[in-house]
Each structure stands twice: as C-alpha cells, then as structure tokens.
Amino acid sequence: MKIGIVGLPNVGKSTMFNSITKAGAECANYPFCTIEPNVGVVGVPDERLEELTKMYHPQKTTHAIIEFVDIAGLVKGASKGEGLGNKFLSHIRETDSICEVVRCFEDSNVVHVDGGVDPIRDIETINLELIFADMETIHKRLDKAKKNLKADKKYQQEIDVLEKIKENLENGISVRAIAWNEEEQELVKEMFLLTAKPILYIANISEEQLENAENDEMVKKVKEYALKEQAEVIPLCIKIEEELSGLEEKDKKEMLEALGLEESGLDKVIKKSYDLLGLMSFLTAGEPEVRAWTIKKGTKAPRSSWKNSL
C-alpha cells in the first residue's frame, strides 16, 4: 500500500520524506528537485508490539510496514503538462492515498514558488489540478457510457454517478467529499479518480509556532478547509523532525521531553497514514518472533492458525 507525499515545490515534502524513511532523498531550495519519485518502506510504530517484545524476549520483532512515495512538486497547469505535471499525475495514480504537505510558516530564506505563503491557495492549486485531471477522465467515461446505453440500459446507473461527479468537480468539490451509497461507492472505486483518494494534510510550521500549533491562524485555515473533505490535519515542524530523525533513541527522547512532546510528529504521521489506508495490525507473539501482520479493517481474525495471538 503506497502513500504519495505531495505538495508545491519547497514546502518541505522531501525533507519530511527523508526524516520518515531516512532514505536520503535529495533536498534543495529550488523547484523540481524531486523528478523521479523516491520510495521508502517504513515500519509502523506500535506500543503494543514493544510491550510484547519486553514480555516474550523474542529472537525477532517485526513491525507492520507501509510505503511512502515522495512525488515531484506540482505547479499550476500540471493537468495540461506544465512543469512536471504529467509525471506528477502518473505517479500519484499509482498511490492508494495522499499525504499533502502545506507550508504554514514565513521564512525569507526559503523560496516560495508563488512568491508568498498562503496555505489555502497552495492546497487549491494542487486540488484543482487533480480536479482538472479527473474531469478529463469523467468526460471520456461519460461519452463511452452514453454510447453503450443504446445497447444496454445497465449503463444508466454509471451515467448517473458520472453526472453527479461532473457536477461536483465543476463546483470545485473533490470526489472524496461527495456522499455515496454502497452501490455508487463501488462504481466510483472502479474509476480510480485522483480526488477520490483519501487525504491527510500536513501543516508544516516553524519551531516558534510549535508551542501553540493547534491555535495557529494558518493551521486553523488548513483545518477549516480539510473539514469539508472530512480529512485530518497534523501540524508538524518538519525542521525539528529532521533533527529528531538523526538522533539515537535516548537523545531523541530527551529532545522530545524538552519540547514538551510525548512522541515525534512523524510517528503520528505514519500511524495516521496507516489508518488512512484502512489498515490495522493483527499481532502474534512467541519466543521466535513478535510480529504485526497488516490486515484490512473489518477482516475477521483467523481461528486456528495463530498461537499466542492478540
């Protein structure tokens, strides 16, 4: 399962990717530093797994994993091929959900591709390009469905769903924000639309904003926008997270305590991304191995093939 990290150029997405995966993706203060997507596999933090490891002292402890993809920065006109738009859209189609990084801090030393900091404008730049790309897909499917309707009336339901999507997209509403019944939802899934992918917003803030992040004006604006899509927002000082990711566990804990934090923001991002994909962990424990197995939410637990499972 893949999570695509997206954002405008220079908003901190590659730095966040580096910190999460420690994969060393190139990071620089100019647009299109990321051209081909960097991919990193990440273990999902799980306190229960750590407790079981203390209890069983296994030879091996295995975390559940998810895959993060650092995708090229997007600019206006991407849906028409501007910048690296075609690459961006093709790469994001291959992901299962979106983690969108939005800059919410002022810094004259960090170039903004649009000349100034405005998180809502930045979000809308990306979301509108995804909407334009989906509109092209919808128009093609509508034409085909209407032709097929002459021979088979079953296509009427698909046409109704497509018309509903088209109307909402024309009003700037993403597919994930539209209410669907169960049958409609199945049809929507088959269309693989970009704006139907679940999304998590990361509000990249400065160290000065960290103490009162939840009440920060820019963060509030992002939350208000995300509420329309029933999406969540995680305020994150990516600069600090980068420092934390390079520390030994003991030093990391000391720094977190000094900052008044219980866990790193990146751990929250990883956990929430795992949840966003509709995944959960099934745990097994024993002396050979303590392990978290990834399963879809709602999956029934196996009855007989697991011993000492939780």
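Coordinates for the structure precede this section.
Since the structure is predicted, the reported quantities are computational estimates derived from the model, not experimental observations. (Residues numbered from 1 in each chain as written. Predicted model: local features only at pLDDT ≥ 70, side-chain atom pairs only at ≥ 80, totals over all residues. Heavy atoms only, no water.)

Chemist: Please explain the packing of helix H9 (residues 238-245) against helix H10 (residues 249-258) as it appears in this structure.
Modeler: When two helices pack together, their arrangement is given by the angle between the helix axes and the distance between those axes. Taken N-terminus to C-terminus, the directions of H9 and H10 make an angle of 150°; their axes are 9 Å apart at the nearest point. With respect to each other, H9 and H10 are oriented roughly antiparallel. Across from Ile 240, Glu 243 and Leu 244 in H9, the residues of H10 making contact are Lys 252, Met 255 and Leu 256. Tallied by class, residues from the contact of H9 with H10 come to four nonpolar, no polar and two charged. (Axes fitted to C-alpha atoms, helices over the stretch in contact; angles between N-to-C directions. Helix = DSSP H or I, 4+ residues; strand = E, 2+ residues; numbered from the N terminus. Parallel < 35°, antiparallel > 145°, perpendicular 65-115°, else oblique. Contact = heavy atoms within 4.5 Å. Nonpolar A, V, L, I, M, F, W, Y, C, P; charged D, E, K, R; others polar.)

Chemist: How do you make sense of the packing of helix H4 (residues 119-149) against helix H5 (residues 155-170) when you look at a structure like this?
Modeler: Contact geometry of H4 with H5 gives a least axis separation of 9 Å together with a crossing angle of 155°. The angle between H4 and H5 falls in the class roughly antiparallel. Helix-helix and strand crossings are classified by hand; for H4 and H5 the assignment is left-handed. Between H4 and H5, the residues in contact are Ile 131, Asp 134, Met 135, Ile 138, His 139, Arg 141, Leu 142, Ala 145, Lys 146, Asn 148 and Leu 149 and Tyr 155, Gln 156, Glu 158, Ile 159, Leu 162, Glu 163, Ile 165, Lys 166, Leu 169 and Glu 170, respectively. For the contact of H4 with H5, the class distribution of residues is eleven nonpolar, three polar and seven charged. (Left-handed = near helix turned anticlockwise from the far one by under 90°.)

Chemist: Teacher, can you tell me more about the pattern of salt bridges here?
Modeler: Pairing between side chains of opposite charge can happen when their charged atoms approach one another. Counting across every chain of the model gives 19 salt bridges. Ionic pairing is found between Lys 271 and Glu 47, a salt bridge with its closest N-O pair at 2.7 Å. Within this pair, whereas Lys 271 is found in helix H11 (residues 265-276), its partner Glu 47 is found in helix H2 (residues 47-56), the two being separated by 224 residues in sequence. The partner of Glu 289 in a salt bridge is Arg 291, with the nearest N and O atoms 4.0 Å apart. (Salt bridge = Lys/Arg side-chain N within 4 Å of Asp/Glu carboxyl O.)

Chemist: Quick question: what am I supposed to make of the environment of Asp 70 here?
Modeler: Structurally, Asp 70 is set in strand S4 (residues 65-70). Given a relative accessible area of 0%, Asp 70 falls into the buried group. The spatial distance from the C-alpha of Asp 70 to the C-alpha of Ile 3 is 8.7 Å, given a sequence separation of 67 residues. (Buried < 20%, exposed > 50% of the residue type's maximum accessible area, 1.4 Å probe, protein only.)

Chemist: I would appreciate a short explanation of the packing of aromatic side chains in the present structure.
Modeler: Aromatic ring pairs are described here by two measures, namely the spacing of the ring centres and the angle between the planes. Taken as a whole, this structure holds one aromatic pair when the rule is applied. Each ring, one from Tyr 201 and one from Tyr 225, has its centre 6.4 Å from the other, and the planes form 85°; the classification is edge-to-face. Taken together, the residues Tyr 201 in strand S6 (residues 199-204) and Tyr 225 in helix H8 (residues 217-227) connect sequence positions 24 residues apart. In this pair, the class of Tyr 201 matches that of Tyr 225, namely buried. Its end group placed over the ring of Phe 105, Arg 103 keeps NZ or CZ at 4.8 Å from the ring centre. (Phe/Tyr/Trp six-rings, centres within 6.5 Å; stacked < 30°, edge-to-face > 60°. Lys NZ or Arg CZ within 6 Å of the ring centre and 35° of its normal.)

Chemist: Would you explain the sheet that holds strand S2 (residues 38-43) in this entry?
Modeler: Either a parallel or an antiparallel arrangement is found when strands of a sheet pair, and the pairing is made through backbone hydrogen bonds. Overall, mixed pairing links the six strands, which are arranged S2-S4-S1-S5-S6-S7 in an open sheet. Looking at strand neighbours, the two that pair on one side only are S2 and strand S7 (232-236), the edges of this open sheet. This sheet shows a mean twist of 25° between the axes of neighbouring strands, independent of strand direction. Bridging between strand S1 (residues 2-6) and S4 involves four bridges; their strand directions are parallel. Pairing of Ile 5 across the sheet is with Asp 70, part of S4. (Pairing = 2+ DSSP bridges.)

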